[in-house]
Amino acid sequence: MSEPSASSSTPASLPTASSSSEKPVVIITIGMAGSGKTTFVQRMNSHLHSLAPSKPPYILNLDPAVVGTPFDANIDIRDTVNYKEVMKQYSLGPNGGILTALNLFTTKLDQVLGLVEKRADTLDHVILDTPGQIEIFTWSASGAIITDAVASTFPTVVAYVIDTPRTVAPATFMSNMLYACSILYKTKLPFILVFNKIDAQPHEFALEWMHDFEAFQAALAGDGGVRDAEGEPTYMNSLMNSMSLVLDEFYKHLKVRAHRSLSLSLSLRPPPFFFFL
């Protein structure tokens, strides 16, 4: 599943919680709608099942609006909250219904964590699949409750999934990075950027922009609409130039992985996504 961007050595083994007194590692998968979070979770699930011996993860689906999932969730918000009924009862739109459904679900989060803790001795990984309404983790109370409660109980890491083909435009790339930065500093948890769908669009351009400010500036200069009618840099151009400098420190402390959405290569060289956990 993971097509890494650096390093060529292979770890001896994946982290194993059940073989010691350590608790399982929780992976909270976050990303914009359509970025491929659910597919990413499915590929992680497939990989962990394929190991010898098999190490099935404990999966929680927190998306109340998803029609179907390509994996069997151990805990599914849809079994508890009907988001369409929430929309009707509170006269909400789709986004408001999803946010409210998640808010209602978090009132039972202590019971959810209790169920996970009962299985903790037999688990290495717990994976959370979340809705594409990313504002849940930037300002909504339910996002803070989920991340704080999970992180206070288990070792936790955030996997921020990025739709690589949609980030080729400098403005979209910057928007994604700002969201990632916001979530990192809101959750204060270990953070991994996952560039998804690299079988459709290689991710090297993004790594270059993150590591070389001048390369991003050059891409920005080559993008349309960077100057107004008088030949002066537009407001957005100046803003993105400034923000790229601000985010330079943010980039230095990030771990980055790349993932082919249509192929499973987690067990192949270079090191897999789980190497970072």
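Just so you know, these numbers come straight off a predicted model, no measurement behind them.

Calculation rules
- Residues numbered from 1 in each chain as written.
- Predicted model: local features only at pLDDT ≥ 70, side-chain atom pairs only at ≥ 80, totals over all residues.
- Heavy atoms only, no water.
- Helix = DSSP H or I, 4+ residues; strand = E, 2+ residues; numbered from the N terminus.
- Expected span 1.5 Å × (residues − 1).
- Buried < 20%, exposed > 50% of the residue type's maximum accessible area, 1.4 Å probe, protein only.
- Contact = heavy atoms within 4.5 Å.
- pLDDT = per-residue confidence, 0-100.
- Salt bridge = Lys/Arg side-chain N within 4 Å of Asp/Glu carboxyl O.
- Core = buried A, V, L, I, M, F, W, Y, C linked by side-chain atoms within 4.5 Å.
- Axes fitted to C-alpha atoms, helices over the stretch in contact; angles between N-to-C directions.
- Parallel < 35°, antiparallel > 145°, perpendicular 65-115°, else oblique.
- Left-handed = near helix turned anticlockwise from the far one by under 90°.
- Nonpolar A, V, L, I, M, F, W, Y, C, P; charged D, E, K, R; others polar.
- Pairing = 2+ DSSP bridges.
- Patch = residues over 30% accessible without salt bridge, like charges linked within 9 Å, V, L, I, M, F, W, Y side chains within 5 Å.
- Areas by Shrake-Rupley, 256 points an atom, 1.4 Å probe, with all protein chains shown as cover.
- Phe/Tyr/Trp six-rings, centres within 6.5 Å; stacked < 30°, edge-to-face > 60°.
- Lys NZ or Arg CZ within 6 Å of the ring centre and 35° of its normal.

### Here's the deal with helix α1 (residues 37–50)
Now for step 1: In this model α1 runs 20 Å from its N-terminal to its C-terminal C-alpha over 14 residues, within 8% of the 20 Å that 1.5 Å per residue would give.
Now for step 2: Within α1, burial applies to K37, F40, V41, Q42, R43, M44, N45, H47 and L48.
Now for step 3: In this fold, the buried residues of α1 make contact with β1 (25–31), β2 (58–61), β4 (125–129), β5 (156–163), β6 (191–196) and β7 (255–259).

### Topic: the confidence of the model for the chain
Now for step 1: For the chain, mean pLDDT is 84; residues scoring 70 or higher make up 83% of the total.
Now for step 2: Note that pLDDT drops below 50 for residues 1–16; the model gives that stretch 53 contacts with residues more than four away or on any other chain.
Now for step 3: Every residue in residues 263–271 is under pLDDT 50, and counting partners more than four places away or in other chains gives 29 contacts.

### A word on the pattern of salt bridges
Now for step 1: Under the defined criterion, the tally for this structure stands at six salt bridges.
Now for step 2: Among the salt bridges present, the one from R78 reaches D76, with a minimum N-O distance of 2.6 Å.
Now for step 3: Here D163 ties to K197 by a salt bridge, and the two come within 3.1 Å at their closest N and O atoms. Of this pair, D163 sits in strand β5 while K197 is found in the loop between β6 and α7 (204–211), placing the two residues 34 residues apart along the sequence.
Now for step 4: Through salt bridges with shared partners, a single ionic network connects D163, R166 and K197.

### Observations regarding the nonpolar core
Now for step 1: L128, Y160, F191, L193 and F195 are the most contacted members of the largest nonpolar core, which has 61 residues in total.
Now for step 2: With seven residues, the single largest contributor to this core is helix α6 (residues 170–187).
Now for step 3: With 14 residues, the next largest nonpolar core counts V25, I59, F71 and I127 among its residues.

### Observations regarding the packing of α6 against helix α9 (residues 235–246)
Now for step 1: At a minimum axis distance of 11 Å, the contact between α6 and α9 shows a crossing angle of 45°. The orientation of α6 with respect to α9, classified from their angle, is oblique. In this structure, α6 meets α9 at a crossing whose hand is left-handed. Residue-level contacts link P170, A171, M174 and L178 of α6 to M240, M243 and S244 of α9.
Now for step 2: Looking at side-chain class alone, the contact of α6 with α9 contains six nonpolar, one polar and no charged residues.

### Side note on the pairing of β2
Now for step 1: Residues Y58 and L60 line one face of β2 and the alternating positions I59 and N61 line the opposite face, and both faces are buried.
Now for step 2: In terms of strand pairing, β2 meets β4 through four bridges, oriented parallel. Within β4, the residue paired with L60 across the bridge is L128.
Now for step 3: Taken together, the two bridges between β2 and strand β3 (residues 75–76) define a ladder with parallel strand orientation. When the sheet's bridge partners are listed, L60 is paired in β3 with I75.

### Some words on a nonpolar patch on the surface
Now for step 1: Taken together, the side chains of Y235, M236 and L239 define a hydrophobic patch exposed on the protein surface, amounting to about 330 Å² of accessible area.
Now for step 2: Mapped onto the fold, L239 is located in helix α9.
Now for step 3: What makes L239 partly exposed here is its relative accessible area of 32%.

### With respect to the sheet that holds β4
Now for step 1: Strand order in this open sheet of seven strands is β3-β2-β4-β1-β5-β6-β7, and the pairing throughout is parallel. Each edge of the sheet is formed by a strand with only one pairing partner; in this case those strands are β3 and β7.

### A closer look at α7
Spacing of three or four residues puts side chains on the same side of an α-helix, whose turn is 3.6 residues.
Now for step 1: Within α7, the full set of buried residues consists of F205, A206, L207, W209 and M210.
Now for step 2: If you follow the buried residues of α7, they end up packed against α6, β6, α8 (213–222), α10 (248–252) and β7.

### Here we look at the packing of aromatic side chains
Now for step 1: One pass over the structure, following the stated rule, counts six aromatic pairs.
Now for step 2: Centre to centre, the rings of F173 and W209 are 5.2 Å apart; their planes meet at 80°, and the pair counts as edge-to-face. You can see F173 sitting in helix α6 and its partner W209 sitting in helix α7, a full 36 residues away along the chain.
Now for step 3: With a relative accessible area of 1%, F173 lands in the buried category.
Now for step 4: Judged by centre distance (5.1 Å) and plane angle (80°), the rings of F205 and W209 are edge-to-face. Of this pair, F205 and W209 both sit in helix α7, separated by four residues, roughly a single helical turn. Just as F205 is buried, W209 falls in that class too.
Now for step 5: Here the aromatic cluster, defined as three or more aromatic residues joined through ring pairs, consists of F173, F205, W209 and F216.
Now for step 6: Its end group placed over the ring of F154, K23 keeps NZ or CZ at 5.9 Å from the ring centre.

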